[in-house]
2 protein chains.
Amino acid sequence: MIMSRIQAAPDEAESNLTDRLLAGLPADAVLTDPDVTASYAHDMASFCPSGAPSVVVLPRTVEQVQHVMRIATELRVPVVPQGARTGLSGAANASDGCIVLSLTRMDRILEINPVDRIAVVEPGVVNAALSRAVNEHGLYYPPDPSSWEMCTIGGNIGTASGGLCCVKYGVTAEYVLGLDVVLADGRLLSTGRRTAKGVAGYDLTRLFVGSEGSLGIVVRAVLALKPQPPQQLVLAAEFPSATAACDAVCRIMAQGHVPSLLELMDRTTVKAVNDYAHMGLPETTEALLLAAFDTPDPAPDLAALGALCEAAGATQVVPADDAAESEMLLQARRLSLVALEAVKGTTMIDDVCVPRSRLGEMLDGVERIAEKYQLTIGVCAHAGDGNTHPTVCFDAQDPDESRRARESFDEIMALGLRLGGTITGEHGVGVLKKEWLAREIGPVGLEMQRAIKQTFDPLGILNPGKLF
Amino acid sequence: MIMSRIQAAPDEAESNLTDRLLAGLPADAVLTDPDVTASYAHDMASFCPSGAPSVVVLPRTVEQVQHVMRIATELRVPVVPQGARTGLSGAANASDGCIVLSLTRMDRILEINPVDRIAVVEPGVVNAALSRAVNEHGLYYPPDPSSWEMCTIGGNIGTASGGLCCVKYGVTAEYVLGLDVVLADGRLLSTGRRTAKGVAGYDLTRLFVGSEGSLGIVVRAVLALKPQPPQQLVLAAEFPSATAACDAVCRIMAQGHVPSLLELMDRTTVKAVNDYAHMGLPETTEALLLAAFDTPDPAPDLAALGALCEAAGATQVVPADDAAESEMLLQARRLSLVALEAVKGTTMIDDVCVPRSRLGEMLDGVERIAEKYQLTIGVCAHAGDGNTHPTVCFDAQDPDESRRARESFDEIMALGLRLGGTITGEHGVGVLKKEWLAREIGPVGLEMQRAIKQTFDPLGILNPGKLF
């Protein structure tokens, strides 16, 4: 600590800030070494500016978070809350001179209750840790973003994350029953409930979900759980075109099926995964559809779904033999983004969600955009939700390719909006898409959103520069 | 119209208001006859004051609603939005001199889309009409309040209604994807989306759900639909005590069952239903539990559930033979509130939701409160959700009994809060429980709720006197 202060040669204001923070935090919870604080500068999004934090704080208690916010309010210092920084929109990026408020040390699971089917957790609990802990009680916490082994529940709440489970089980928002939130001025607000139902007053809980730390600091969450379903059984179907695969998705949903996942990988993604992990996926396919059911007897549903795929033109329909083969297929899907990143070294991952009836048009359009900009754009998609992740692969050292990547990324969002979709299905707005938020929600929407921000954070110290 | 104006002898302000409204509304959409407007004074809650509206307007278009709100803003006249007035908290009650804005004529189903699994509706669509319309497409709109044959989707959204389906399918809030809302000043705000997922900006959609018309006027809603499940099969179980029935509920939920309904009727309710409708329910029971599954093969689940009931002390477990018998049992449950009303002429229907692990304590406590106040209090409950409706039966002509009814009603809410519950699981706050809202959400919560109200309705013209 002493060395870092000497190295940092902090000016008076910064030193004052650190001293004030240390008055309510243990020394090991206040990091000022610039080499260390720099490692808290940004999340995993490309093309998002980030600054150098003044200080990183790692509180362990609600009172410590309140202390940080009181000091921040008094000194008018911006606060950037962070979880595991696995986000894909720059929502956790530091700004110059800010306090980075990392919630990773508040990682206790406080309660798991099988009768009430709830868990009470601190924000720093890792998604996978919660999933495993509730499994031991025969329970299931569905939200499963690709980063589930690293990302935190607090981060999931901040960005309203999704995952593969959403087509059947919905997104993070649907599992948040109540929150404790430290407000900008350090006061503690409790929202929601620990009951199955409750409608007392405005739904402030839901307002905080997806608010990217811009309205308050979530320090505790009551989460709804489901009974653990049977292990899902996966079916893979190969299609001669992305359009045919999307047609199959529409048929499946129109027929009333409730798959536990319905994922699409296009040719580019399949090839990238094979190159990266030697998975032996069928490279002759133009689009691979993965579907699963987690019902007690999935065979009849899988057979019916397979028949619908064939009716839509599938050239191969292969149900997994067992849980291990199912898991292997899911692993391939989960590796998609990493594998696409390996193609050219850098990616921009879009997150456009369209009505699923427009999915075919979306994929068609992305292919045309890839041709226009002469880029490799792989698409993996939570197809059952219409939530696509067109992933632009580019060489960040090549300025022209970088420019084309950024332009194609934006054009993909414009396409999504034209198709009645949204610019973000589950990754959030952050820094990356803030110009696009206004385009999606319009001037009245933007004005009301800004008014809410002003209501909760009149000084504008909570994660400034994000969302708007 | 002319006669009504003469009869009403409106003062200048009122006549000015009516004339201004008529400038943007057809004559038949503006009611001023006091005999007629009086019939729009209140919803179905007891003990809630209501006033005499100046005028009732019945717009058919979004533009007409915008016109009404512009005039209301300009003239500073309170506006009370109404659906079918089947609410149970006085949230739709008129205040003196207000404009009642009845949305019942905006009753078109604009779209039903089986691939996207959405419906787009106007607010005046009756719940049952929507349910039947989507059924024809193989789809299912779950929320089913007891008043579903009369209540409107707009009212359901305003009060965030529940029903029998919630234990498996959740409440209205979970089915509202996007809204068009006319703001206090007449501007049109679009929130949310028509996609399965979407996290662009703060969740304003959810903020309006349950806001009881105090933040804006919902004029269009995008609703999520589910595939139509098989007809549910019901099982009835008789218990020697309410505690035993609640124990069964806990066992059922802890074992991971997902019933499509799990309802409880206490002895008083069973007797009231028999007296009212001669249903032949078993009067020897202290508590009747109704459970159902809507899976393709419900028999094994019903058998397992029946065994859990027996382990909890059930004296009789009787599965329905078929859909008709199932429907008869549900009909008995749906008649509970009406039947209890017939006991003494008037009821106050509480709506306390507790963690389901505390359900037994809740029912015990209600019984003690009934003894203390020497009142008949029947309890029917969405037991699987811990959502109880203790229903105080009293003679409104008897001042002492009325006083005891009101006091016991409050004591039931205090009990619910002590057990970690909420004062309202699905009926809302309205006028009836506004003192109690503050007790539940605390001073910081109340301040933030008021701040949101102020943000959306700075002049305080939207349903004033409700919630706070």
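Residues numbered from 1 in each chain as written. Chains lettered and ligands numbered in written order. Predicted model: local features only at pLDDT ≥ 70, side-chain atom pairs only at ≥ 80, totals over all residues. Heavy atoms only, no water.

## A few points about the domain arrangement of chain A
Residues and elements named next belong to chain A.
- The domain boundaries assigned to chain A delineate domain 1 (2–102), domain 2 (109–227) and domain 3 (233–418).
- Here the C-alpha centroids of domain 1 and domain 2 sit 24 Å apart.
- Contact with domain 1, which involves 15 residues of that partner, is made by 16 residues of domain 2.
- Counting the surface lost from both domain 1 and domain 2, the interface buries some 1,200 Å², and carbon and sulfur atoms represent 70% of this.
- When contributions to the side of domain 1 that touches domain 2 are tallied by element, the ones reaching two or more residues are α4 (62–75) and β3 (79–82).
- Ranked by residue count, the leading element in the side of domain 1 that touches domain 2 is α4, at six residues.
- When grouped by side-chain class, the residues that make up the side of domain 1 that touches domain 2 number eight nonpolar, five polar and two charged. (Domains from an automatic or database assignment. Contact = heavy atoms within 4.5 Å. Buried area = accessible area lost by both parts, 1.4 Å probe. Helix = DSSP H or I, 4+ residues; strand = E, 2+ residues; numbered from the N terminus. Nonpolar A, V, L, I, M, F, W, Y, C, P; charged D, E, K, R; others polar.)

## Describing the interface of chain B and chain A
- Opposite the 72 residues of chain B that make contact, chain A presents 72 residues.
- Between chain B and chain A lies a buried interface of about 5,600 Å² when both sides are counted; carbon and sulfur atoms form 61% of it.
- The interface formed by chain B and chain A includes eight salt bridges.
- At the surface where chain B touches chain A, the tally comes to 25 residue pairs in polar contact (both at pLDDT 80 or more).
- Within the residue set of the side of chain B that touches chain A, elements represented by two or more residues are β9 (188–192), α8 (204–208), α9 (242–254) and α16 (434–456) of chain B.
- At 13 residues, α16(B) tops the list of elements feeding residues into the side of chain B that touches chain A. (Salt bridge = Lys/Arg side-chain N within 4 Å of Asp/Glu carboxyl O. Polar contact = N/O pair within 3.5 Å; in protein donor to acceptor, adjacent residues only side chain to side chain.)

## A closer look at the packing of aromatic side chains
Residues and elements named next belong to chain A.
- Within the structure shown, the criterion is met by 10 aromatic pairs over all chains.
- Summarising the aromatic geometry, the rings of Tyr140 and Tyr169 are spaced 5.1 Å apart at their centres and angled 85 degrees between planes, so their arrangement reads as edge-to-face. With Tyr140 in strand β7 (residues 139–140) and Tyr169 in helix α7 (residues 166–169), this pair connects stretches of sequence that are 29 residues apart.
- Exposure remark for Tyr140: the relative accessible area of 18% places this residue in the buried category. (Phe/Tyr/Trp six-rings, centres within 6.5 Å; stacked < 30°, edge-to-face > 60°. Buried < 20%, exposed > 50% of the residue type's maximum accessible area, 1.4 Å probe, protein only.)

## Considerations on the environment of B:Ala311
- Structurally, the position occupied by B:Ala311 is in helix α11 (residues 299–311).
- Separated by 234 residues in the primary sequence, B:Ala311 and B:Val77 place their C-alpha atoms 60 Å from one another.

## Thoughts on the sheet that holds β9(B)
Residues and elements named next belong to chain B.
- On the basis of which strands lie adjacent, the open sheet formed by five strands has the order β5-β6-β10-β8-β9 and antiparallel pairing. In this open sheet, the two strands that pair with only one neighbour each are β5 (109–113) and β9. Shown here is a sheet whose adjacent strand axes are inclined to one another by a mean of 10 degrees, direction ignored.
- Bridge analysis of strand β8 (residues 176–182) against strand β10 (residues 217–224) gives six bridges, and the strand direction is antiparallel. Following the sheet pairing, Leu179 is matched in β10 by Ala221.
- Lying on the sheet, helix α5 (residues 127–135) is in contact with β5, β6 (118–121) and β10; it crosses β5 at an angle near 35 degrees. (Pairing = 2+ DSSP bridges. Axes fitted to C-alpha atoms, helices over the stretch in contact; angles between N-to-C directions.)

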